[in-house]
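# Observations on chain architecture
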Amino acid sequence: MIAAALRRIGLVEDHESVIIGVSAMLSAEDDLEVVASAGTVRELLDQTHDLDLVVLDLRLADGSVPEENVRTLREHGVEVLVFTGAENAFLVRSAARAGVLGVIRKSEDASYVVDAVRRAASGAQVVTTDWAAAIDGDPRLSDVGLSPRQEEVLTLYASGEKASRVARLTGLSEQTVNDYLSRIRQKYSDAGRPAPTKTDLYKRAVEDGWLPVPESPHLQS
């Protein structure tokens with residue numbers, strides 16, 4: 001019987017207990033080996049690029065963005081499996097857009113985690129409810145017919161900027177910004193998602209993934 005190929009696993013996680021736990025889960029597997037771990041993507045890549053898979057926590061203490069972390073790893077030829085404990089649709093969607101192989105929760109049974117890591121390390125997608133929801137339910141703003149410029153205006157305005165400030169940041173006139181906002185509101189209304197106020201526009205921007213979901217700063221991943 002031919003032995004399975006050994007898959008080299010890296011962990012990006014800033015909680016030591018999680019690193020110990022995942023390493024213990026995989027240590028009994030003949031075909032999986034944790035060869036490096038670090039609290040940031042850069043620290044991990046400084047150790048080695050020779051990896052079949054990186055198991056990545058979504059929220060890291062360095063304040064990095066999941067989408068950028070995933071893209072950086074994939075640029076180095078390494079596929080990514082997200083391992084998270086928090087329910088944050090924005091972060092999951094961000095990672096999914098960057099091309100992760102799957103999203104699994106830290107609350108899953110050890111056998112499930114091991115199987116997911118094995119499949120992802122071989123290049124297979126790990127289809128879970130979280131991953132599928134992020135892909136299939138990704139309501140991009142183009143769905144309501146916004147142009148890239150309108151998306152930019154919405155994101156800036158909904159994040160708290162005044163129309164005059166949006167005009168300066170985009171190089172548009174204030175009147176043009178107000179015209180864009182009027183058209184944006186009309187398009188949301190036509191889509192059955194009215195946004196007559198600035199607060200409503202903020203909600204739409206969060207729903208559509210252009211602004212992060214507000215949350216407690218103490219919420220851990």
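Residues numbered from 1 in each chain as written. Predicted model: local features only at pLDDT ≥ 70, side-chain atom pairs only at ≥ 80, totals over all residues. Heavy atoms only, no water.

### Focus: the overall build of the chain
- Looking only at helices and strands, the chain features 10 helices and 5 strands.
- Burial analysis of the chain (221 residues in total) assigns 43% to the buried set.
- Within the chain, contacts between residues separated by at least 24 positions form 65% of all contacts whose residues are at least 6 apart in sequence.
- Accessible area of the chain: about 11,100 Å², with a carbon and sulfur share of 49%. (Helix = DSSP H or I, 4+ residues; strand = E, 2+ residues; numbered from the N terminus. Buried < 20%, exposed > 50% of the residue type's maximum accessible area, 1.4 Å probe, protein only. Contact = heavy atoms within 4.5 Å. Areas by Shrake-Rupley, 256 points an atom, 1.4 Å probe, with all protein chains shown as cover.)

### Re the packing of aromatic side chains
- Within the structure shown, the criterion is met by 0 aromatic pairs.
- Residue placement shows Lys 198 over the ring face of Tyr 157; its charged tip is 4.3 Å from the ring centre. (Phe/Tyr/Trp six-rings, centres within 6.5 Å; stacked < 30°, edge-to-face > 60°. Lys NZ or Arg CZ within 6 Å of the ring centre and 35° of its normal.)

### Observations regarding the side chain of Asp 31
- Take Asp 31: it is sitting in the loop between α1 (16-27) and β2 (32-38).
- When its relative accessible area of 11% is taken as the criterion, Asp 31 is described as buried.
- In terms of polar contacts, Asp 31 uses its side chain to reach the side chain of Arg 118, at 2.7 Å.
- Excluding anything up to four places from it in sequence, Asp 31 contacts Ala 4, Ala 5, Leu 6, Arg 7 and Arg 118. (Polar contact = N/O pair within 3.5 Å; in protein donor to acceptor, adjacent residues only side chain to side chain.)

### Remarks on the UniProt feature "modified residue: 4-aspartylphosphate" (unreviewed entry) in the chain
- Taking the numbering used here, the UniProt-annotated feature "modified residue: 4-aspartylphosphate" (unreviewed entry) corresponds to Asp 57.
- Its location among the elements puts Asp 57 in the loop between β3 (53-56) and α3 (66-75).
- For Asp 57, a relative accessible area of 1% corresponds to the buried category. (UniProt positions renumbered as here; feature names shortened; annotations may be inferred.)

### As for the pairing of strand β5 (residues 102-105)
- Side-chain alternation along β5 places Gly 102 and Ile 104 on one buried face and Val 103 and Arg 105 on a second face that is also buried.
- Alignment of strand β4 (residues 79-84) against β5, held across 4 bridges, turns out to be parallel. From the neighbouring strand, Leu 81 faces β5, where its bridge partner is Gly 102. (Pairing = 2+ DSSP bridges.)

### Digging into the packing of α3 against helix α4 (residues 89-98)
- One way to put it is that α3 packs onto α4 with a least axis distance of 8 Å and a crossing angle of 25 degrees. Classified by the angle between their axes, α3 and α4 sit roughly parallel to one another. For the element pair α3 and α4, the recorded crossing hand is right-handed. In this structure, α3 uses Pro 66, Glu 67, Val 70, Arg 71 and Arg 74 to contact α4, whose residues at the interface are Leu 91, Ser 94, Ala 95, Arg 97 and Ala 98.
- When grouped by side-chain class, the residues that make up the contact of α3 with α4 number 5 nonpolar, 1 polar and 4 charged. (Axes fitted to C-alpha atoms, helices over the stretch in contact; angles between N-to-C directions. Parallel < 35°, antiparallel > 145°, perpendicular 65-115°, else oblique. Left-handed = near helix turned anticlockwise from the far one by under 90°. Nonpolar A, V, L, I, M, F, W, Y, C, P; charged D, E, K, R; others polar.)

### Here's the deal with helix α5 (residues 110-121)
- End to end, α5 covers 16 Å across 12 residues, agreeing with the expected 16 Å (1.5 Å per residue, within 8%).
- A positive backbone phi angle near 95 degrees is found at Gly 123, which sits one or two residues after α5. (Expected span 1.5 Å × (residues − 1).)

### Some words on the nonpolar core
- If you look at the biggest cluster of nonpolar residues, it comprises 23 residues, and the most contacted ones within it are Val 12, Leu 44, Val 54, Leu 56, Val 70 and Val 100.
- Contributing elements (two or more residues each) for this core: β2, α2 (41-47), β3, α3, β4 and α4.
- The greatest single-element share of this core, amounting to 5 residues, is contributed by α4.
- If we ignore the near neighbours within four places in the chain, the residues touching Val 70 are Leu 56, Val 80, Ala 95, Ala 98, Gly 99 and Val 100. (Core = buried A, V, L, I, M, F, W, Y, C linked by side-chain atoms within 4.5 Å.)

### Some words on the sheet that holds β5
- With parallel pairing, 5 strands are arranged side by side in an open sheet as β2-β1-β3-β4-β5. Strands at the two margins of the open sheet, each flanked by one partner only, are β2 and β5. Geometrically, the sheet is characterised by an average inter-axis angle of 25 degrees between neighbouring strands, direction not taken into account.

### Description of the pattern of salt bridges
- All chains considered together, the criterion is met by 10 salt bridges.
- For Asp 31, the salt bridge is made with Arg 118, and the minimal N-O distance between the two is 2.7 Å. Of this pair, Asp 31 sits in the loop between α1 and β2 while Arg 118 sits in helix α5; the two residues are 87 residues apart in sequence, bridging distant segments of the chain.
- Residue classification places Arg 118 among the partly exposed residues on the basis of a relative accessible area of 27%.
- For the salt bridge of Glu 152 with Arg 149, the shortest nitrogen-to-oxygen distance reads 2.8 Å. Separated by 3 residues within a single helix, Glu 152 and Arg 149 lie in helix α7 (residues 148-158), roughly one turn from each other.
- Take Arg 149: its relative accessible area is 31%, and that puts it in the partly exposed class.
- Linked by salt bridges that have partners in common, Glu 13, Asp 57 and Lys 106 make up one network. (Salt bridge = Lys/Arg side-chain N within 4 Å of Asp/Glu carboxyl O.)

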